Amino acid sequence: MIRVLVAEDQSAVRAGLVLILRSAPDIEVVGEAADGERAVALARELRPDLVLMDVQMPRLDGVSATRQVVAEGLADVLVLTTFDLDEYVFGALRAGAAGFLLKNTEAKDLIAAVRTVGRGEGLIAPAVTRRLIAEFAAGSAREPSVDLSVLDSLTRREREVLSCLGEGLPNAEIAVRLDMAEATVKTHVSRLLGKLELRSRVQAAVLAQELGI
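My aim in this report is to walk through the structure given alongside it, one point at a time. (Residues numbered from 1 in each chain as written. Predicted model: local features only at pLDDT ≥ 70, side-chain atom pairs only at ≥ 80, totals over all residues. Heavy atoms only, no water.)

### So, the sheet that holds strand β3 (residues 50-54)
Spatial ordering of the open sheet is given by β2-β1-β3-β4-β5, a layout of five strands whose pairing is parallel. A single partner strand is all that each edge strand has here, and the edge strands are β2 (27-33) and β5 (99-102). The mean inter-strand angle of the sheet, taken between neighbouring strand axes irrespective of direction, is 25 degrees. Bridging between strand β1 (residues 2-7) and β3 involves four bridges; their strand directions are parallel. Residue pairing in the sheet places leucine 5 in a bridge with valine 51 of β3. (Pairing = 2+ DSSP bridges. Helix = DSSP H or I, 4+ residues; strand = E, 2+ residues; numbered from the N terminus. Axes fitted to C-alpha atoms, helices over the stretch in contact; angles between N-to-C directions.)

### Considerations on the nonpolar core
Grouped together as the largest cluster of nonpolar side chains are 25 residues, with contacts concentrated most on Ala7, Ala43, Val51, Met53, Val69, Val77 and Val79. If you list the elements that add at least two residues to this core, you get β1, α2 (36-46), β3, α3 (62-71), β4 (76-81) and α4 (87-94). Ignoring anything within four residues of it in the chain, the contact list for valine 79 reads Met53, Val55, Thr66, Ala92, Ala97, Gly99, Phe100 and Leu101. Formed by 21 residues, the second largest nonpolar core is a distinct cluster that contains Cys164, Ile174, Leu192 and Leu196. (Core = buried A, V, L, I, M, F, W, Y, C linked by side-chain atoms within 4.5 Å. Buried < 20%, exposed > 50% of the residue type's maximum accessible area, 1.4 Å probe, protein only. Contact = heavy atoms within 4.5 Å.)

### Description of unusual backbone geometry
The phi torsion at arginine 47 lies on the positive side, around 45 degrees, for a residue other than glycine. Among the structural elements, arginine 47 can be located in the loop between α2 and β3. Look at arginine 47 and you get partly exposed, because its relative accessible area is 48%. Within the chain, aspartate 179 stands out as a residue other than glycine whose phi angle is a positive 55 degrees. Examined against the element boundaries, aspartate 179 turns out to sit in the loop between α8 (171-178) and α9 (182-196). The exposure class of aspartate 179 is exposed, given its relative accessible area of 68%.

### Some points on the pattern of salt bridges
For the coordinates displayed, the defined rule picks out 12 salt bridges. Lysine 103 serves as the salt-bridge partner of glutamate 8, at 3.1 Å between the closest nitrogen and oxygen. Residue glutamate 8 is found in the loop between β1 and α1 (11-22), and its partner lysine 103 is found in the loop between β5 and α5 (107-118); the two are separated by 95 residues along the sequence. The exposure class assigned to glutamate 8 is buried, which follows from its relative accessible area of 0%. The partner of arginine 157 in a salt bridge is glutamate 160, with the nearest N and O atoms 2.7 Å apart. Of this pair, arginine 157 and glutamate 160 both sit in helix α7 (residues 156-166), separated by three residues, roughly a single helical turn. Through salt bridges that share partners, Glu8, Asp54 and Lys103 make up one connected network. (Salt bridge = Lys/Arg side-chain N within 4 Å of Asp/Glu carboxyl O.)

### Describing the packing of α9 against helix α10 (residues 201-211)
One can describe the packing of α9 onto α10 by two numbers: an axis separation of 10 Å at closest approach and a directional angle of 70 degrees. Looking at the two axes, α9 sits roughly perpendicular to α10. The segment α9 lies against α10, with Val189, Leu192, Leu193 and Leu196 engaging Arg201, Ala204 and Leu207. (Parallel < 35°, antiparallel > 145°, perpendicular 65-115°, else oblique.)

### With respect to α1
Compared with an ideal rise of 1.5 Å per residue, which puts 12 residues at 16 Å, α1 spans 16 Å between its outermost C-alpha atoms and is within 8% of the ideal. If you check which residues of α1 are buried, you get Arg14, Leu17, Val18 and Leu21. In a view along the axis of α1, the buried residues occupy a sector of 100 degrees, so they form one face of it. With respect to the buried face of α1, the exposed residues turned more than 90 degrees away are Ala12 and Leu19. Looking at the packing, one finds that the buried side of α1 touches β1, β2, β3, β4 and α5. (Expected span 1.5 Å × (residues − 1). Arc of directions from axis to C-beta.)

Written out as structure tokens, the structure reads:
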């Protein structure tokens, strides 16, 4: 069972999201929040598996709320946005969000995305994610470049996995490409995130793009 907290300030939209999620037998909506501060407070109290977080909310915006939730290790965060590529999304990814969805996403795709994140897969809708990663990396190119020495701590296999993340591949596809068990891929992803001091797979994918791996 995937325990989800829904954070959305528009009551009608929030009710619709809750209705969709509750239609899935393996998803439980454990709480609802109408602003960012409440979302963080409920995440601390309820410890859900996932927070479905709108980026534009009163009192505390979704990016700041995401940063707090991720920093405290309270839950994975799946960001909801009106636009597919905007600074809110980039800010949320910098804050450690596991991925993002557009608000006009079909019901079945919303449920699939929650299940994907629930399995520990941070990259949602590969085609969209690859575009997002490329845009994010291009924007980051104006910032100080990442020191290649950060890769020195990685094993050869971890570098290969990082390269696959940079292409937006989910664990199952990485497992096929590198001829290893999916559980082994998950272990490599977890280890390289720790070594590189990253909060999410998406951040790792962006780093791979920045370094041209």
